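# Structural features, examined
This is what each chain is made of:
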Amino acid sequence: MTKTTRGLVLGATAVILTATTVAGAGIHLRGQAFFQDGPKELVDEVWQIINNRYVDGTFNQVDWEEVRQNYLDRKYTSNEEAYGAIREMLQQLEDPYTRFMDPEEFKNMQIDTSGELTGVGIQISLDEETNKLVVVSPIEDSPAFKAGIQARDFIVKIDGQDAIGMDVNDAVKLIRGPINSDVVLTIMRGTDEIDFPIKREKIEIHPVRYSYREGGVVNDGIGYIRLTQFSSPAAKEMGQAIEALEEEGVSGYILDLRSNPGGLLYSSVAIARMWLPGREAIVSTVNRQGETERQRANSRPLTDKPLVILVDGGSASASEILSGALQDNQRATIVGTKTFGKGLVQSVQPLTQGSGLAVTIAKYLTPNGRDINKLGIEPDVIVDLTDEQRDALRKDRDAIGTAADPQYSEALKVLKQEIAKQPRHGS
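These remarks concern the structure in this document. Note that the coordinates shown come from a computational prediction; the quantities given were computed from them, not determined experimentally.

### Some details on helix α7 (residues 234–247)
Look at α7: 20 Å from first C-alpha to last across 14 residues, which is about the 20 Å you get at 1.5 Å a residue. A positive backbone phi angle near 80° is found at Gly 249, which sits one or two residues after α7.

Structure representation (structure tokens):
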């Protein structure tokens with residue numbers, strides 16, 4: 001992957017989920033005319049980034065040179081006209097993760113990765129097969145989560161406005177709004193349409209929660225860590241959690257990544273290094289030239305004790321990087337249901353005039369070379385929840401990670417078996 005500054009954006013609240021890098025501003029605009037820092041220059045700047053970095057060298061079988069000429073032949077009297085043209089141009093790639101952000105959207109995206117969000121608390125994407133907005137995951141304890149929005153729900157209306165086929169950016173603008181204002185999301189779940197009135201809030205996210213739990217082998221306890229998002233503070237908070245639990249003498253860990261929609265790529269790599277020894281591979285990225293960069297552990301894991309990871313259909317992107325890396329290296333046992341299947345890497349490029357571009361530059365592979373895009377990570381132990389069980393856990397947040405949580409109960413059973421295999425508990 002092209003070297004970039006530290007940073008990756010999950011996407012705005014109610015925006016695309018992604019594992020992505022943030023690139024520095026300014027690129028060489030090969031062969032372009034010297035436009036006067038205006039709308040046409042912005043159009044060509046976006047075209048050049050796609051031309052140089054987009055993962056698909058065929059540009060979705062589109063003549064990209066002809067596209068450039070068509071859009072530069074136009075006259076633009078305002079930035080807004082250029083914004084519309086850019087979005088129209090990008091639609092030809094048929095890639096929901098490659099998107100243009102106007103200055104307001106780009107600012108919101110940067111705020112989102114800082115760990116503070118304003119809105120209803122969901123990540124959405126455009127489902128390519130149905131052309132509907134799909135909920136990747138509601139953020140835990142957010143207004144959307146409390147209202148009952150679930151991963152893989154389809155948003156068909158926003159405040160009564162038809163949302164089928166709606167551009168993700170347009171949907172975000174409608175879903176966002178002032179704190180304490182209301183929005184109604186109409187969700188299609190199966191064949192049912194359900195209205196969810198939601199009050200927008202400021203959402204402060206501490207992505208890591210942890211606790212010492214009784215129930216290990218002999219007299220030892222286990223460490224339970226729930227990671228809800230790979231935002232900027234995630235790696236630091238994860239390290240603090242592991243160190244605190246190590247001091248308490250836990251005999252093993254359950255890492256809960258359920259409904260974690262992903263986030264910063266560097267955060268997932270940093271967290272993987274906390275569990276992996278030696279120079280084990282974590283993730284590799286492959287761009288359109290086939291060049292591969294492989295991220296590895298750095299020989300300094302914080303613990304080598306048994307680990308079980310919980311995942312579900314809302315575990316995506318960076319969650320899949322982490323769980324896939326630990327599964328392939330036989331460092332963890334995965335319990336739950338198949339993950340979302342988001343295996344593309346976006347680079348976030350600041351543009352002139354304060355706007356930005358998220359462009360798919362590569363796909364990521366697990367250490368064993370698995371391409372998880374659209375396929376997801378298959379658990380080692382499959383434990384599904386019924387609608388009734390899922391609804392009960394949503395209504396009673398304190399039940400997550402307890403005996404009332406069937407997936408957690410199975411994870412604990414698996415962990416006990418792994419702990420019992422350790423030398424001090426063996427024969």
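### Some points on the layout of surface pockets
The calculated volume of the largest pocket comes to roughly 580 Å³. Taken together, 27 residues line the largest pocket, and the ones lying closest to its centre are Gln 150, Ala 151, Ser 259, Asp 312 and Arg 390. Elements supplying a minimum of two residues to the lining of the largest pocket: β8 (182–189) and α10 (387–395). By residue number, the principal contributor to the lining of the largest pocket is α10, which donates three residues. A class-by-class count of the residues in the lining of the largest pocket yields eight nonpolar, seven polar and twelve charged.

### A look at the sheet that holds strand β13 (residues 253–256)
Spatial ordering of the open sheet is given by β11-β12-β13-β16-β17-β20, a layout of six strands whose pairing is mixed. Edge positions in the open sheet fall to β11 (208–213) and β20 (381–382), since each of these has one partner strand only. Inspection of the sheet shows strand β12 (residues 222–227) paired to β13 by four bridges, in the parallel sense. Within the sheet, the bridge partner assigned to Arg 226 lies in β13 and is Asp 256. The sheet contacts of α7 involve β11, β12 and β13, and relative to β11 the element is tilted by about 10°.

### Let's talk about the packing of α7 against helix α8 (residues 265–273)
Contact geometry of α7 with α8 gives a least axis separation of 9 Å together with a crossing angle of 20°. Taken together, α7 and α8 sit at an angle that is classed as roughly parallel. Crossing angle aside, the handedness with which α7 passes α8 is right-handed. When α7 is examined against α8, the residues Ala 234, Ala 235 and Met 238 are found in contact with a partner set consisting of Ser 267, Ala 270 and Ile 271.

### What about the side chain of Thr 98?
With respect to the helices and strands, the residue Thr 98 is situated in the loop between α3 (79–91) and β2 (99–101). Engagement of the side chain of Thr 98 in a polar contact is seen with the side chain of Asp 95, the distance being 2.7 Å. Setting aside residues up to four positions removed in sequence, Thr 98 forms contacts with Ile 50, Tyr 54, Leu 90, Leu 93, Ala 358, Val 359 and Thr 360.

### Description of α3
For α3, which comprises 13 residues, the first-to-last C-alpha distance of 18 Å matches the rise-based estimate of 18 Å (1.5 Å per residue) to within 8%. For α3, every residue scored as buried is listed here: Ala 82, Tyr 83, Ala 85, Ile 86, Arg 87, Met 89 and Leu 90.

### Things to note about the packing of aromatic side chains
Scanning all chains against the criterion turns up five aromatic pairs. Ring centres of Trp 47 and Trp 64 lie 6.3 Å apart, and the angle between their planes is 10°; this geometry places the pair in the stacked category. Within this pair, whereas Trp 47 is found in helix α1 (residues 39–53), its partner Trp 64 is found in helix α2 (residues 64–72), the two being separated by 17 residues in sequence. Measuring from centroid to centroid gives 5.4 Å for Phe 59 and Trp 64, while their planes differ by 10°, and the two rings are stacked. Trp 64 matches Phe 59 in its accessibility class, with the two residues each being buried. Each residue in the set Trp 47, Phe 59 and Trp 64 is aromatic and connected to the rest through ring pairs, giving one cluster.

### Remarks on the nonpolar core
Ile 50, Ile 225, Met 238, Leu 255, Ile 271 and Trp 275 are the most contacted members of the largest nonpolar core, which has 65 residues in total. The residues contacting Leu 255, other than those within four sequence positions of it, are Ile 225, Leu 227, Met 238, Trp 275, Leu 307, Val 308, Ile 309, Leu 310 and Leu 322.

### Regarding the environment of Ala 404
Structurally, Ala 404 can be placed in the loop between α10 and α11 (406–420). C-alpha of Ala 404 to C-alpha of Gln 389: the two residues are 15 residues apart in sequence and 9.0 Å apart in space.

### As for the environment of Arg 370
Mapped onto the elements, Arg 370 comes out in the loop between β19 (356–365) and β20. With 86 residues separating them in the primary sequence, Arg 370 and Ser 284 have C-alpha atoms 9.9 Å apart. Residues within four places of Arg 370 in sequence aside, it is in contact with Gly 324, Gln 327, Asp 328, Tyr 364, Leu 365 and Ile 377. Of the polar contacts made by the side chain of Arg 370, one reaches the side chain of Asp 328; its length is 2.6 Å.

### Brief notes about the packing of α1 against α3
With their axes 8 Å apart at the nearest point, α1 and α3 run at an angle of 25° to one another. Comparing the axis directions of α1 and α3 gives the class roughly parallel. The hand of the α1/α3 crossing is right-handed. Contacts between α1 and α3 involve Pro 39, Leu 42, Val 43, Val 46, Trp 47 and Ile 50 from the first element and Asn 79, Ala 82, Tyr 83, Ile 86, Met 89 and Leu 90 from the second. Within the contact of α1 with α3, the residues separate by chemical class into eleven nonpolar, one polar and no charged.

Thresholds, definitions, all that
Residues numbered from 1 in each chain as written. Predicted model: local features only at pLDDT ≥ 70, side-chain atom pairs only at ≥ 80, totals over all residues. Heavy atoms only, no water. Helix = DSSP H or I, 4+ residues; strand = E, 2+ residues; numbered from the N terminus. Expected span 1.5 Å × (residues − 1). 1 Å grid on protein atoms, 1.4 Å probe; cavity = no way out; pocket = protein on both sides within 12 Å on 5 of 7 lines; lining within 4 Å. Points joined across faces, edges and corners; volume = space filled by probe spheres on them. Nonpolar A, V, L, I, M, F, W, Y, C, P; charged D, E, K, R; others polar. Pairing = 2+ DSSP bridges. Contact = heavy atoms within 4.5 Å. Axes fitted to C-alpha atoms, helices over the stretch in contact; angles between N-to-C directions. Parallel < 35°, antiparallel > 145°, perpendicular 65-115°, else oblique. Left-handed = near helix turned anticlockwise from the far one by under 90°. Polar contact = N/O pair within 3.5 Å; in protein donor to acceptor, adjacent residues only side chain to side chain. Buried < 20%, exposed > 50% of the residue type's maximum accessible area, 1.4 Å probe, protein only. Phe/Tyr/Trp six-rings, centres within 6.5 Å; stacked < 30°, edge-to-face > 60°. Core = buried A, V, L, I, M, F, W, Y, C linked by side-chain atoms within 4.5 Å.

This is a description of form; function is not addressed.
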